[in-house]
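A look at the structure
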Amino acid sequence: MSMSTTPTGPDSGTASSDAAGHGVLSAIPAPGAGESEVPRYAPQWLQLREPADAAARAHDLLDPLRIRLANRPGRTRDLVVHDLGCGTGSMGRWLAPLLDGAQHWVLHDRDPYLLHFATVGAPRAGADGSRVTVTTQRGDIDRLTPDALTGASLVTASALLDVLTADEMDTLAAVVVGAGCPALLTLSVVGRVKLTPAHPMDEEIGDAFNAHQRRGGLLGPDAVVAARETFDRLGADVRAHPSPWRLGPEQAELTEEWLRGWVGAAVEQRPELAARAAAYLRDRSAACAADELRVTVHHSDVLVLPQPTGGAE
């Protein structure tokens, strides 16, 4: 899973989001033996943000998705869902219980530690009580190959698009459209944050954070626009819907951790902000502890509906 909403964790670059009767599915290739150690996102952070993620995701996109899945070729077979950069598996825990029918989830992530958490916490039943099964595939999103989604009914990802480069977006779009299966790509940052009460440094910190999100050619807050343009160019129907985090007193622990990551990324991008940003963080943390701070972190969810192909289920 990406850390697009906040850069907490050792790396904020491109993240990696047992069924009888299912053959071995093509996968994103795993890192080679000579590659560096896998960057690790703390499962504690991913678990902390999971309720806010679930509350934010756009339910308005589910009906067109359900209609497409109900009319897919091969719909008498199990729904096969590939969850890219699955992290601890929060997407599956949210979505699987909202979909009817037997489901098989293929969880992709580069971190075997997170894949373990995702497997242990995987849902066991869909909306109608049908079974849900899970397998895992270790690998990087930037290694996605044309045959990776053979047999897929649906592709999902959470907080992924904004940590892709334009080339990686092109690759993802080509593979999804080539497979002819829909994709639900949730919780991409769009570069807007509102804190109440306002503070004179809010905009400056936000601008520095957005610049940090774009470092190294990453799409950052431009990702949703880029995704719409890329998938549209390939002939897919693309729909976007707001999916903001709305953080208040009940989410104080998450707000505090988000603040630290948000300000920390801004200072990493603009070190000259360090002294003033430290004072800003103290003020904001005090307001959070006093239940006086409200934060809206704007995201967008994207539903992609390509033309079905003979290879899609």
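Residues numbered from 1 in each chain as written. Predicted model: local features only at pLDDT ≥ 70, side-chain atom pairs only at ≥ 80, totals over all residues. Heavy atoms only, no water.

Turning our attention to the overall build of the chain. Of regular secondary structure, the chain possesses nine helices and eight strands. Expressed as a percentage of its 313 residues, the buried residues of the chain come to 55%. Of the roughly 12,600 Å² of accessible surface on the chain, a fraction of 52% belongs to carbon and sulfur atoms. (Helix = DSSP H or I, 4+ residues; strand = E, 2+ residues; numbered from the N terminus. Buried < 20%, exposed > 50% of the residue type's maximum accessible area, 1.4 Å probe, protein only. Areas by Shrake-Rupley, 256 points an atom, 1.4 Å probe, with all protein chains shown as cover.)

The full count for this structure, using the stated rule, is three aromatic pairs. Between Tyr113 and Phe117, the aromatic rings sit 5.2 Å apart at their centres with planes inclined by 80 degrees, giving edge-to-face as the arrangement. Highlighted residues: Tyr113 and Phe117, both in helix 4 (residues 112-120), separated by four residues, approximately one helical turn. Judged by its relative accessible area of 35%, Tyr113 falls in the partly exposed class. Residues Trp262 and Tyr280 carry aromatic rings whose centres are separated by 6.5 Å and whose planes lie at 50 degrees to one another, so their mutual orientation is tilted. Placement of Trp262 in helix 8 (residues 252-269) and of Tyr280 in helix 9 (residues 274-289) is noted, with a sequence separation of 18 residues between them. With respect to burial, Trp262 and Tyr280 carry one shared label: buried. Taken together, the ring pairs connect Trp258, Trp262 and Tyr280 into an aromatic cluster. (Phe/Tyr/Trp six-rings, centres within 6.5 Å; stacked < 30°, edge-to-face > 60°.)

Taken as a whole and assessed by the stated rule, the structure comprises 12 salt bridges. The closest approach of N and O atoms between Asp170 and Arg233, which form a salt bridge, is 3.6 Å. Separated by 63 residues along the polypeptide, Asp170 in helix 5 (residues 166-179) and Arg233 in helix 7 (residues 223-233) bring together distant segments of the chain. Assessed through its relative accessible area of 57%, Arg233 is described here as exposed. Taking the shortest distance from any N to any O, the salt bridge between Arg270 and Glu272 comes out at 2.8 Å. A network of salt bridges, in which partner residues are shared, links Glu204, Arg270, Glu272 and Arg276. (Salt bridge = Lys/Arg side-chain N within 4 Å of Asp/Glu carboxyl O.)

With that out of the way, let us pick up the pairing of strand 5 (residues 183-196). By the bridge criterion, four bridges tie strand 4 (residues 154-158) to strand 5 in an arrangement that is parallel. Its bridge partner being in strand 5, Ser158 is matched across the sheet by Thr186. Examined bridge by bridge, strand 5 and strand 8 (residues 294-305) share nine bridges and lie antiparallel to one another. Bridge pairing in strand 8 links Ser188 to Ser300. (Pairing = 2+ DSSP bridges.)

Locating Asn71 in the fold gives a position in the loop between helix 2 (62-70) and strand 1 (79-84). Overall, the relative accessible area of 53% leaves Asn71 in the exposed class. In terms of polar contacts, Asn71 uses its side chain to reach the backbone carbonyl oxygen of Ile67, at 2.7 Å. (Polar contact = N/O pair within 3.5 Å; in protein donor to acceptor, adjacent residues only side chain to side chain.)

With that settled, the discussion passes to the side chain of Asp301. Position of Asp301 relative to the elements: it lies in strand 8. The buried charged residue Asp301 lacks any salt bridge, with Arg57 as its nearest oppositely charged partner at 5.7 Å. A polar contact of 2.7 Å, which involves the side chain of Asp301, links it to the backbone nitrogen of Ala58. Here Asp301 is in contact with Arg57, Ala58, Leu61, Leu185, Thr186, Leu187, Arg239, Ala240, His241 and Ser243, once residues within four sequence places are set aside. (Lys, Arg positive; Asp, Glu negative; His and termini not counted. Contact = heavy atoms within 4.5 Å.)

Note that the residue after Thr196, namely Pro197, is joined by a cis bond; omega there is 0 degrees. The backbone phi angle of Leu187 is positive, close to 60 degrees, even though this residue is not glycine. By secondary structure assignment, the location of Leu187 is in strand 5. Even without being a glycine, Asp291 presents a positive backbone phi close to 60 degrees. Asp291 gets classed as partly exposed once you look at its relative accessible area, which sits at 41%.

The subject of this paragraph is the packing of helix 6 (residues 202-213) against helix 9. The geometry of helix 6 relative to helix 9 is characterised by a closest axis approach of 11 Å and an angle of 115 degrees between their N-to-C directions. Overall, the two elements helix 6 and helix 9 adopt an arrangement that is roughly perpendicular. Every pair of crossing elements has a handedness; the one defined by helix 6 and helix 9 is left-handed. Counting all contacts with helix 6, which are made through Asp202, Glu204 and Ile205, the residues of helix 9 involved are Arg276, Ala277, Tyr280 and Arg284. Here the contact of helix 6 with helix 9 is composed, by residue class, of three nonpolar, no polar and four charged. (Axes fitted to C-alpha atoms, helices over the stretch in contact; angles between N-to-C directions. Parallel < 35°, antiparallel > 145°, perpendicular 65-115°, else oblique. Left-handed = near helix turned anticlockwise from the far one by under 90°. Nonpolar A, V, L, I, M, F, W, Y, C, P; charged D, E, K, R; others polar.)

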